[in-house]
Amino acid sequence: MELNYTLVFTVFPYLCLATFVVGHAYRYVTDRYGWNARSSEFLEKKALFAGSVFFHWGIVFTFLGHAGGLLMPQRILDRFGIDSQTHMEIAYWSGLAVGIAAFAGALLLLKRRLTHSRMRAVYRLNDTVTITALAMVVGAGLYNVVFGHYNVLYSVAPWIRGIVTFTPDAMLMKAVPLSYKNHVIADWALLGFSPFSRLVHIWSAPLFYIFRAPIVFRRRAGQS
Ligand code: HEM
């Protein structure tokens, strides 16, 4: 029993993390020109806009919420007057909002990819697997928000902190409901798969764009 937990909640996450790190390095060295979001905007714009906007805003805030909510120990939040009850309420309402946006966006993107004639003409299994996996992971998370009502602060949260600080304790996951276990296992699997998909574009977010000085374009004197 303990061995199974160690395999699933310690060995498997580190395998996925190692694949994530080595996979990105390998992809960068071997496929630098393929390192992009493979935008299909020039093929179809309307459905992409709705799906992509919902999905991207939803998923980026989902990431931030997971990072802030799970990696920050409750005792630190207590000092700022955010007790575990308030923490769970914030997590519920914000998780509901961003989860619905990300899930709806992922379904719209998937529908576009599978039903639009131009998108079908450039069909790639990898793209469909990526969006389906994202929809499943986000859907599983949203299911937990709506139906789970389980306090993750004293089990899943310290477990994930143990993984990132190299002090893993798989037994923290023992009492966690199955739907939460499925969600975290799917998360790790997606992390391990991501270097081999278009998700590499996440690490090339053009953040410098926000801070760089504006570029001024002027016509040459005499040009109309
Ligand atoms: C960090 C900031 C991000 C930026 C600047 C960004 C930018 C882009 C751009 C320019 C595209 C191509 C045009 C489009 O399809 O909308 C795209 C597509 C995509 N992005 Fe992102 N992205 C970001 C984060 C993410 C994250 C966190 C995920 C998922 C974990 C993600 C998943 C996707 C997917 C699945 C597509 C393909 C959509 C489709 O064509 O069906 N992106 N992204």
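It should be noted that the structure appears before, not after, this text.
Quick look at the structure, then. (Residues numbered from 1 in each chain as written. Predicted model: local features only at pLDDT ≥ 70, side-chain atom pairs only at ≥ 80, totals over all residues. Heavy atoms only, no water.)

A look at the site of the ligand
Contacts to the ligand come from 20 residues, most closely from Ser52, His56, Arg113, Arg198 and His201. Between an oxygen atom of the ligand and a side-chain N or O atom of serine 52, the distance comes to 2.5 Å. Measuring from a nitrogen atom of the ligand, one finds a side-chain N or O atom of histidine 201 at 2.8 Å. Counting only elements with at least two residues in the shell around the ligand, the list comes to helix H2 (46–71), helix H4 (84–115) and helix H6 (125–148). (Near = heavy atom within 4 Å. Polar contact = N/O pair within 3.5 Å; in protein donor to acceptor, adjacent residues only side chain to side chain. Helix = DSSP H or I, 4+ residues; strand = E, 2+ residues; numbered from the N terminus.)

As for the packing of helix H1 (residues 2–30) against helix H7 (residues 156–164)
Across the interface, H1 lies against H7 with an axial gap of 11 Å and an inter-helix angle of 50°. Relative to H7, H1 is oriented oblique. For H1 against H7, the interelement crossing comes out right-handed. Across the interface between the two elements, Phe9, Pro13, Tyr14 and Leu17 of H1 pack against Trp159, Gly162 and Ile163 of H7. Classifying every residue of the contact of H1 with H7 gives six nonpolar, one polar and no charged. (Axes fitted to C-alpha atoms, helices over the stretch in contact; angles between N-to-C directions. Parallel < 35°, antiparallel > 145°, perpendicular 65-115°, else oblique. Left-handed = near helix turned anticlockwise from the far one by under 90°. Contact = heavy atoms within 4.5 Å. Nonpolar A, V, L, I, M, F, W, Y, C, P; charged D, E, K, R; others polar.)

Comments concerning the nonpolar core
The tendency in soluble globular proteins is for nonpolar side chains to be buried side by side. Counting 16 residues, the largest nonpolar core has Phe9, Val156, Trp159, Met173, Val184 and Trp188 as the members making the most contacts within it. Contributions of two or more residues to this core are made by H1, H7 and helix H8 (178–193). The element that contributes the greatest number of residues to this core is H7, accounting for five residues. Sequence-distant contacts of tryptophan 159, that is, excluding residues within four places in its chain, are made with Phe9, Pro13, Asp169, Ala170, Leu172, Met173, Val184 and Trp188. In terms of nonpolar packing, the next biggest core, distinct from the first, is built from 14 residues, Phe55, Leu110, Val137 and Leu190 among them. (Core = buried A, V, L, I, M, F, W, Y, C linked by side-chain atoms within 4.5 Å. Buried < 20%, exposed > 50% of the residue type's maximum accessible area, 1.4 Å probe, protein only.)

Section: the packing of aromatic side chains
The full count for this structure, using the stated rule, is ten aromatic pairs. Ring centres 5.9 Å apart and planes at 80° place the aromatic pair phenylalanine 20 and tryptophan 203 in the edge-to-face group. Here the residue phenylalanine 20 occupies a position in helix H1, and tryptophan 203 occupies one in the loop between H8 and helix H9 (208–211), the gap between them amounting to 183 residues. Residue classification places phenylalanine 20 among the buried residues on the basis of a relative accessible area of 17%. Residue tryptophan 203 is classed as exposed on the basis of its relative accessible area, which comes to 54%. Through a chain of ring-to-ring contacts, three or more aromatic side chains come together here, namely Tyr5, Phe9, Trp159 and Trp188. (Phe/Tyr/Trp six-rings, centres within 6.5 Å; stacked < 30°, edge-to-face > 60°.)

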